[in-house]
Amino acid sequence: MFNVKPSGYRKVEVPDLRERTFRQAEPNLEALGFKVGNITYVDNLGKDIVLQLKYKGKTINPGEKLPKTSKIDLVLGNGNRP
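Residues numbered from 1 in each chain as written. Predicted model: local features only at pLDDT ≥ 70, side-chain atom pairs only at ≥ 80, totals over all residues. Heavy atoms only, no water.

J.: Can you tell me about the side chain of serine 70, naming the residues and giving the values?
T.: Note that serine 70 resides in the loop between β5 (65–67) and β6 (71–77). Reaching out from serine 70, the side chain makes a polar contact with the backbone oxygen of proline 67 at a distance of 2.5 Å. Excluding anything up to four places from it in sequence, serine 70 contacts Phe34, Lys35 and Tyr55. (Helix = DSSP H or I, 4+ residues; strand = E, 2+ residues; numbered from the N terminus. Polar contact = N/O pair within 3.5 Å; in protein donor to acceptor, adjacent residues only side chain to side chain. Contact = heavy atoms within 4.5 Å.)

Quick look at the structure:
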């Protein structure tokens, strides 16, 4: 018999996706078992460049561990000058 933890999924390290494009970031997150949550755009010259990752409204840093299947929200640049 094997143990099933009621807490759910094991924790996975969040990759550093800042300065990557959304097209690079999305498959990277999904390959690790995360889901892409809400996408927010802010004024930044880099269109569709990942500026921030958020989990449950809080900014997360690369290397932090989150449960697999967590929804990670992305803040992307909209291509406009700030």
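J.: Tell me about the side chain of aspartate 73, and name the residues and values.
T.: In this structure, aspartate 73 sits in strand β6. Polar side-chain contacts of aspartate 73 include one of 2.7 Å to the backbone nitrogen of asparagine 38. When near neighbours in sequence (up to four residues on either side) are disregarded, aspartate 73 contacts Gly37, Asn38, Gln52, Leu53 and Lys54.

J.: For the pairing of strand β3 (residues 50–55), give the residues involved together with the corresponding values.
T.: On a regular strand, one side chain projects to one face of the sheet and the next to the other, so that they alternate. Two strands pair when backbone bridges link them, and β3 and β6 are joined in this way by four bridges, in the antiparallel orientation. When the bridges of β6 are listed, valine 50 appears paired with leucine 76. Sheet topology note: the β3/strand β4 (residues 58–60) ladder contains three bridges and is antiparallel. Note that in β4 the partner of lysine 54 across the bridge is threonine 59. (Pairing = 2+ DSSP bridges.)

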